[in-house]
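# Overview (structure and organization)
The primary structure of each chain is shown beneath.
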Amino acid sequence: MTSTLELKADKMLKVQFVGDDDVLNHILDREGGPKIKKERAQLLVNTQKIIKKPENELEEDDQEVLKDHNYVEVLGQDVQESLKNGSATDGGNKVYPFQNRKHPEKMAKLASELAKTPRKSVSLNMKNDPKITIDIPQCSKGKILPQLFKESFQELLQIINNDKSEFLSTAPRGLRKRLIVPRSHSDSESEYSASNSEDDEGVAQEYEEDTNEDILSQKIQAQNREVSAPVFRETPSKKMKREKTSHLVEKYFEAHSSSKVLTSDRTLQKLKRAKLDQQTLHNLLSKVSPSFSAELKQLNQQHEQLFHKWMLQLHLGFNIVLYGLGSKRDLLERFRTTMLQDCIHIVINGFFPGISVKSVLNSVTEVLDHVGTFRSVLDQLEWITNKFKEDSSLELFLLIHNLDSQMLRGDKSQQIIGQLSSLRNIYLIASIDHLNAPLMWDHAKQSLYNWLWYETTTYSHYTEETSYENSLLVKQSGSLPLSSLIHVLRSLTPNARGIFRLLIKYQLDNQDNPSYTGLCFQDFYQQCREAFLVNSDLTLRAQLTEFRDHKLIRTKKGTDGVEYLLIPVDNGILTDFLENEEEEL
Amino acid sequence: MYLKPKPLNKLKLRFETYQLIWQQMKSETERLQEELNKNLFDSLVEFLQTSHSGLWKNSKDWSCEIKLREIPTAALVLGVNVTDHDLTLRSLTEVLQNNVTPYVVSLQAKDCPDMKHFLQKLVSQLMDCKVDVQSKEKESVQVIQKNVHYSMDSLSAWYMSVTQKTDPKMPRKKRTSSSQWQSPPVVLILKDMESFTTKVLQDFIIISSQHLHEFPLILIFGIATSPVVIHRLLPHAVSSLLCIELFQSLSCKEHLTTVLDKLLLTTQFPFKLSEKVLQILTNIFLYHDFSIQNFIKGLQLSLLEHFYSQPLSVLCCNLPEAKRRIRFLSANQCENIRRLPSFRRYVEKQSSEKQVALLTSDKFLKEETQSLLENLHVYHKNYFLVLRCLHQFTSSLPKYPLGRQIRELYCMCLEKSIWDSEEYASVLQLLRLLAKDELMAMLQNCFKLFQSSSGKELGNTAKRIEEFLAQFQSLDETKEEEDTSQSQSKGLQKTDLYHLQKSLLEMKELRSTSKRQTKFEVLREQVVSFVDSLVREYLLPPDTQPLHETLYFSSAHTLRQHLNAAPRIALHTALNNPYYYLKNEALRSEEGCIPNVAPDICIAYKLHLECSRLINLVDWSEAFATVVTAAEKMDANSVTSEERNEIIHARFIRAVSELELLGFIKPTKQKTDHVARLTWGGC
C-alpha cells in the first residue's frame, strides 16, 4: 500500500494544475528574489475564487487555500493596510486566467444557479440538481488535460479518505503540505469522507466539492489504472516548474485551437425583443430604482474627501488619473464645481465621438484668446507652450473624461496631451475606464504625464459615455442621417431629387429580396429616361457623381461587370424620408 | 494653501516646511546630477574641440579630402532609462552652448519621419540658435526662409553668411573660448538614435559628409542600448563616413546610490523613509524603469504625503528650528505627541512621577520633546556613520550576505535589529576568516570615515580603530622576528630520524593548540567583537526611537497605490466582489459566488466569464434575465410582467454596453448576434 501510495503521490505532483498564480510567482522568483515575493504576498492576502467551476477548479481551490494561508502567515499585520484599496485584493494573476473550452449550456446553468441562490448557500439546491450529474461527463468530452487534473485530484481525495494517516507519513513533502493546509482550513475534516452525512449549511463551496466527489468517485476508480500507466516517477521540483510552464502553454493552445466556437444559433430576431432605440432605453431605465444608494453615496463621499489633496498635488506638478469601475464623470463634475469655480478650466469629453487632439488644442487656444489658425497641431502646441512659458501667472485646469477613448488613445494624441500636461501651469486631471488603458503609455509618456493614480470606484452607470457609442443592442435612431439626407437633397435640382427618389423606391421595393445587390446602371438610366428626368447617359452620370460625393449612393461592380447602385442608408430611414417628401409635396 | 482649512497657520507652516525641504532636496539632486555628468561632459567637450580644430586645419589643406569626409561623431551610451535622457541631454546642450558653439541642435526621431522634416527641423532650430545670438533683427529673414526649399546647399550657404557676418561684429556673448575659432561647428544631437529611420540617417550622413568642408558638422548619437546599433542601423559604406568615438554615461544604479547617499543617508535632510517605502521605491526603480527621475518623484510624493498626513511633521526640520517650534506647540499638538505610539512606549519606561509630569504638564512635555529630538538627531548622526562602517566590512565579503549596495544594508537595518538576522551572523563568521591585509584595509577605510566626521560621540571609536591598526602593524614586525628566530633555531639543529619525528609531532601539537592563540587571531577576534558592539549600540532600528514618527514616512501603501497602481485588478475586484466596495450585507457572499442582487454589470460580467471566445447575446440576455428576475421576486415588484421584461432587457443592454466600454467584449461579425470576449480566452 505504501509504495503504491507514493507512486500515486508522485503522479500527483506531475500532473498538477497550474494557476497563473504559480507561474507569476515562478517568474517573480527568478527576477526579484525574496523581497519581491514578499510584496506580492501582500497583494494576495484576499485571494478569492472567481467563480465556482465544478471540474478541475477543485484543485486550484486547494492551492488557493494553501496560498492564502502562507501569505497571511508571511505578513500577518499587513492585511489591514491592504484592505484600503481594491487593487490590493487580488494579485492580478487570477484576473484573467486561461479559459477552458466551455460548454454552451454553462451560462444558463450558472444563471439558474445564481437565480436559485437565495442569498447564500447553493448547497442544497445543488445536491438535488440532476443537471450536474449529466453535466460532468458531458464536460469531460474532449478535455483531456482538465480531466487529468480532476482525476488526480480525485485520487488524492480518495487516498485521504481511505487512509489518511498512512498517507501522511509517506507522502513527499510538497504533498504533505498541501494536505495539511486544507485540513486546517476547513472546519470539519469529515467533509472529505466519502459518505458525507453532516449538513454544514454555511459552507457552500465545500458542498460542491462533495457532490462532485460523490458523483465522480465511481467513475474515477474505474479510470485510475488507465491514467497511471503513462505516468512515471519524477519528483524533483525543477521538473515541476518545467511542467508548469508547459501546461500553461498547452492550455493556451487549447483555448485557441478550435476554430469552431460552440455557441447556440439563436438570434435576437427570434426573440421578439429586438433593438431598442436610445430614447426608449433611457425611459425604461429611468424606471429602475437604484439599489445600494446609501453605500454608493458613502463611496462617493470618500472620494470627495480627496478633492483638497488633488488640488494640492496638481499644484505641485503632479497630474491625476482616476481609475476604477463606474463613471467618474459626476465625480469630476463635482470636483469642478466645488474646487474650480474661480480658475480657468476646460472640460473635455473624451467619449464624444467627434473629439480629437486638434479640438482639445483648439479649446486651449480659444481660452488663451488666440485668433487665427495654425498650420499643424505641433505648431499649435508650440504656441501654447510659449504662451505658458512667457506668462507664469497663467493657470489652466484640464479635465478630460475618458482619456482612453477611441479618439484620444492614439499614440500621437497621447504624446501631445502628455506634452501639454507636462507644462508647469497646466493641471491635468483625467479618468480612464478601459481595461487596457495603461498600455497607451510607455515610459517616456508616463514621465511626461507624471501621473498620480487614484482609485475611484463609483459603480455609477456610464450613461453619458455609452450614449454615443454604436452600442450593440441599441438601434440607431437615425435622426442624424435623415436630416442630412433632407438637407443634401434640398440643395439639388428637382430632377436630381426625382432621380434619387426613383432609386429609393426601387430599393424599398426590393427590400425583402435577400439577393438584391442594387439597381443596374442601364436599368436605372432606362427608368430615368422614361420619367423624363434625364436625356442622356452623361447627365445621369454627372448626377450620380454628385450623389457619390455626398455619400448618398454607392456603386458596386457586379460579377458581370455591370455597375450596381445602392443607397447605403437604412431602409427605415428611407421610408421616413419618402413620407417626409410626400408631405411636403 | 490647498490643505484642508482646519488650523490654517499650522498647515501653512507644514506646507512651507515641505516646500523648503523639497527645494533643498531638488537642488541637491540637480547638483549631484551635474557633478556626476561633469566627467562625461568634460571629455565630450574636449572631443568636440579637438575634432573641430582638426577639421579646420584640414579644410585649408585640400589634399586630404578623404579624411575630411569623415564626420566626427560621439556615440553617447546613455542606458535604458529613457526618461532621464532628456535632462542629461538638456544640460549637455547648455554646456556645449557655453563652451563650444552656439549652434547646438537636438532632434528627436518622432519629429523626423523623412528627410524633408529632418532638414526642416534642423534648419528652423539652427535659425533659432542664431536669433538668440544676434538679437532679433533678422526675424523677417527667418520668416521668409521658412518657405524656402530646404537643402544642404542652402544650409551651408546660410552657414557661410552667418559666420562671415558675425565675425567682424563679434556680438556673441559669454563665449570666450569659442571666439578663437573663426567658424564654430554645428553640433547635432540625435536624442534617440535607435528610433530614427535608417534611410533618413543614412541619407543625411552621406549628404552632410559631402558638405563637410563648408558646413562643419559634428554628430552626437544618444544611444539607449549598446553601441552595436550604430553598425546595425548603418551599413559599412555609411558608417565609414563617421569618425566615431564612444562615451559612456554613468550607470543609473550608481546614480541611484549617490542620490540615496546624499539625500537619505545623511543628517542634512531631516526627512527619512521607512523600510517598506524605501523598498517600494527601489523596487520600482530596479524592476520597472531604472529612472532616477521617477525615483525622485516618488521621494517627492512621500515627502508630500508625510507633511500632508502627519500633523507632527512640523517638527521635521533642522534641529534648532524644530526646537524653536516645539516652544510654540499648541495644546492640541502636545496631545498629538502624547498619542504617538513611540512616545507612549517611552513614557511607560519612565518613573511614575515623570510619567505623570509628561502626561499632564505641557511645559515639561515640551522640554522632554526637545531633548528627545536632540537624541534622535544624535542617533541619526551615529547611525549613518556606523552604517557606513559596517558597509565597509560587509560589502566585499564573498556572496554578499548583507548586500553589495549600502541601500540593501540600510533596508535591513531599518527593518529590524540586524544582529538578530542569520545574515549578520554569517557576516561575523566571514569576518573572522579574513586575512590581515583585507582587515587592515577595511579598518583603514573606517578610520577615514570616522575621522572625517566631526562628531564627538564617536571620536572614541576612531581612536580605538587607530589602536587596532597600530597593533596590527606591530604584530607584523613581531611576527616576522618570531618567524626568523624560529626557523634559525630549528634549522641549525642536527637530529636523527627519531628526534626529527618527535620534534615534528611537537610542532604539530604546538600549532594545533596555539591556533587560537595567535596574536593576529586574538586581535581579529577583538576587531570583530568591536564591530559587533558598535552595531548593537548604534544600529538600533528607528522605530525603537521615541518620536521617530515625526521624521519617518511609513505609509508604503499609499505610495504604491499612487505610483504603481493596478487598474485592472481594481476593475476585476469591483466586478467580482462588489461587497468589497459596497458594504451591504445583501452583497456579502461566499467566495466565488455573487448574490443575484449585485449591480447589473457584475452579474453580466460573471455570466460572460462562463463563455469562451464568442458569446451569444440571446443566451446571455436570457441568463441575465433569469438571475435578475429571481432577485426581483424577492423585492415583490408589482409591475406587469411584459413591462418588467422590457426593463430587464434594457438593463441588460446597459450592462453590456458598459462592458463594451470597459473593453471586455466587442461586437463581432463572425456570427449574428454574437460578441467576442477580449480577455483571456477570447480574441
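Residues numbered from 1 in each chain as written. Chains lettered and ligands numbered in written order. Predicted model: local features only at pLDDT ≥ 70, side-chain atom pairs only at ≥ 80, totals over all residues. Heavy atoms only, no water.

### Details of the packing of aromatic side chains
Aromatic ring pairs: the centre-centre distance and the angle between the two ring planes describe each pair. Spelled out, the test is: Ring pairs are drawn from Phe, Tyr and Trp, using the six-membered ring of Trp, whenever the two centres fall within 6.5 Å, and their geometry is named by plane angle: stacked under 30 degrees, edge-to-face over 60, tilted for the rest. A run of H or I in DSSP becomes a helix once it reaches four residues, and a run of E becomes a strand once it reaches two; helices and strands are each numbered from the N terminus. When a residue's accessible area, from a 1.4 Å probe over protein chains only, is under 20% of the maximum for its type it is buried; when over 50% it is exposed; and in between it is partly exposed. Two conditions define a charge located above a ring, namely a distance within 6 Å from the ring centre to NZ of Lys or CZ of Arg, and an angle within 35 degrees of the ring normal.
Under the counting rule described, the total for this entry stands at 35 aromatic pairs over all chains. Aromatic side chains W441(A) and W451(A) sit 5.3 Å apart centroid to centroid with 50 degrees between the ring planes, which places their arrangement in the tilted category. Here the residue W441(A) occupies a position in the loop between β5 (426-431) and α20 (443-449), and W451(A) occupies one in strand β6 (residues 451-455), the gap between them amounting to ten residues. Residue classification places W441(A) among the buried positions, given a relative accessible area of 5%. What makes W451(A) buried here is its relative accessible area of 2%. Judged by centre distance (5.6 Å) and plane angle (80 degrees), the rings of W620(B) and F652(B) are edge-to-face. Highlighted residues: W620(B) in helix α27 (residues 617-635) and F652(B) in helix α28 (residues 641-662), separated in sequence by 32 residues. In this structure F652(B) comes out as buried when scored by relative accessible area, which is 1%. Connected via pairs of aromatic rings, a cluster forms that spans Y323(A), W441(A), Y449(A), W451(A) and W453(A). Directly above the aromatic system of F521(A) lies the positively charged group of R541(A), at a separation of 4.0 Å from the ring centroid. Between K583(B) and the ring centre of Y579(B), over which it is positioned, the NZ or CZ distance is 5.1 Å.

### Thoughts on the sheet that holds strand β8 (residues 519-520) of chain A
All names here are of chain A. Definition in use: Two strands are said to pair when DSSP picks up at least two bridges between them.
With antiparallel pairing, the three strands of this open sheet are ordered in space as β8-β10-β9. Across the chains shown, the open sheet's two edge strands, defined by having one partner strand only, are β8 and β9 (554-557). In terms of strand pairing, β9 meets strand β10 (residues 563-566) through four bridges, oriented antiparallel. Within the sheet, the bridge partner assigned to K557 lies in β10 and is E563.

### Observations regarding the UniProt feature "domain: Origin recognition complex subunit 2 winged-helix" (unreviewed entry) in chain A
The condition that has to hold: UniProt positions are given in the numbering used here, feature names are shortened, and annotations may be inferred rather than shown by experiment.
Per the UniProt record, the feature "domain: Origin recognition complex subunit 2 winged-helix" (unreviewed entry) sits at residues 512-571 of chain A. The span residues 512-571 of chain A carries 40% helix and 17% strand; its end-to-end C-alpha distance comes to 11 Å.

### Thoughts on a nonpolar patch on the surface
Residues and elements named next belong to chain B. Selection criterion: Residues enter patches when their relative accessible area tops 30% and they take part in no salt bridge; the joining distance is 9 Å for like charges and 5 Å for the nonpolar side chains Val, Leu, Ile, Met, Phe, Trp and Tyr. Here the accessible surface of atoms and residues is derived via Shrake-Rupley with a 1.4 Å probe, and residues count as covered only by protein chains that are part of the display. Salt bridges are counted wherever a side-chain nitrogen of Lys or Arg sits within 4 Å of a carboxyl oxygen of Asp or Glu.
Among the surface-exposed residues, L497, L500 and L504 lie close enough to one another that they form a single nonpolar patch of about 300 Å² accessible area. Examined against the element boundaries, L504 turns out to sit in helix α22 (residues 497-514). Residue L504 is classed as partly exposed on the basis of its relative accessible area of 48%.

### Considerations on the pattern of salt bridges
Under the criterion given, the structure shown has 27 salt bridges over all chains. Its salt-bridge partner being R375(A), residue D379(A) comes within 3.8 Å of it at the nearest N-O pair. Residue classification places R375(A) among the exposed positions, given a relative accessible area of 68%. In this structure, E335(B) and R338(B) form a salt bridge, with 3.0 Å as the shortest nitrogen-oxygen distance. Here R338(B) and E335(B) lie together in helix α14 (residues 331-339), a separation of three residues that amounts to about one turn. Residue classification places E335(B) among the partly exposed residues on the basis of a relative accessible area of 32%. In the salt-bridge network here, residues are joined through shared partners; they are D411(A), D442(A) and K445(A).

### Quick look at the environment of E438(B)
Residue and element names in this part refer to chain B. Within the fold, E438 resides in helix α20 (residues 436-452). With a relative accessible area of 40%, E438 lands in the partly exposed category. Residues E438 and S291 lie 147 residues apart in sequence; the distance between their C-alpha atoms is 35 Å.

### Examining the nonpolar core
The line we're drawing: By convention a nonpolar core is built from buried Ala, Val, Leu, Ile, Met, Phe, Trp, Tyr and Cys residues, the set being connected through side-chain atoms within 4.5 Å. In this analysis, two residues are considered to be in contact whenever any of their non-hydrogen atoms come within 4.5 Å of each other.
Core analysis: the largest hydrophobic core is formed by 126 residues, its most contacted members being F335(A) and F343(B). Broken down by element, the residue count for this core peaks at 13 residues, all from helix α17 (residues 362-394) of chain B. Excluding residues within four positions of it along the chain, F335(A) makes contact with F307(A), W310(A), M311(A), L314(A), L340(A), L399(A) and I429(A). Listed in part, the 83 residues of the second largest apolar core include A430(A), Y579(B), Y581(B) and I601(B).

### Quick look at the sheet that holds β5(A)
Sheets are built from strands paired through backbone hydrogen bonds, the pairs being either parallel or antiparallel. Residue and element names in this part refer to chain A. Test applied: For helices, the fitted axis covers only the stretch in contact; all axes are lines through C-alpha atoms, and the angles between them, taken along N-to-C directions, range from 0 to 180 degrees.
Read across the open sheet, the five strands follow the order β3-β4-β5-β2-β6; overall the sheet is parallel. Both outer strands of the open sheet, β3 (345-349) and β6, are each paired with one neighbouring strand and no more. With strand direction ignored, the average angle separating the axes of adjacent strands in the sheet is 15 degrees. Strand direction decides the pairing type here: strand β2 (residues 319-323) and β5, joined by three bridges, are parallel.

### Here we look at the pairing of β5(A)
Residue and element names in this part refer to chain A. Heads up, the rule is: Whether a crossover is right-handed comes down to one check: with the strands pointing away from the viewer, does the path from the first strand over the helix to the second run clockwise; if it does, it is right-handed.
β5 sits mainly inside the fold: six of its six residues count as buried. The side-chain alternation of β5 yields two buried faces, one formed by I426, L428 and A430 and the other by Y427, I429 and S431. Pairing of strand β4 (residues 396-401) with β5 involves five bridges; the strand directions are parallel. The residue bridging L399 from the neighbouring strand is I429, located in β5. As for the winding sense of the linkage, the β-α-β connection from β4 through helix α19 (residues 411-421) to β5 is right-handed.

### Comments concerning the UniProt feature "domain: Origin recognition complex subunit 2 RecA-like" (unreviewed entry) in chain A
As recorded in UniProt, the sites labelled "domain: Origin recognition complex subunit 2 RecA-like" (unreviewed entry) are residues 296-455 of chain A. Across residues 296-455 of chain A, the secondary structure splits into 45% helix and 17% strand, with the terminal C-alpha atoms separated by 15 Å.

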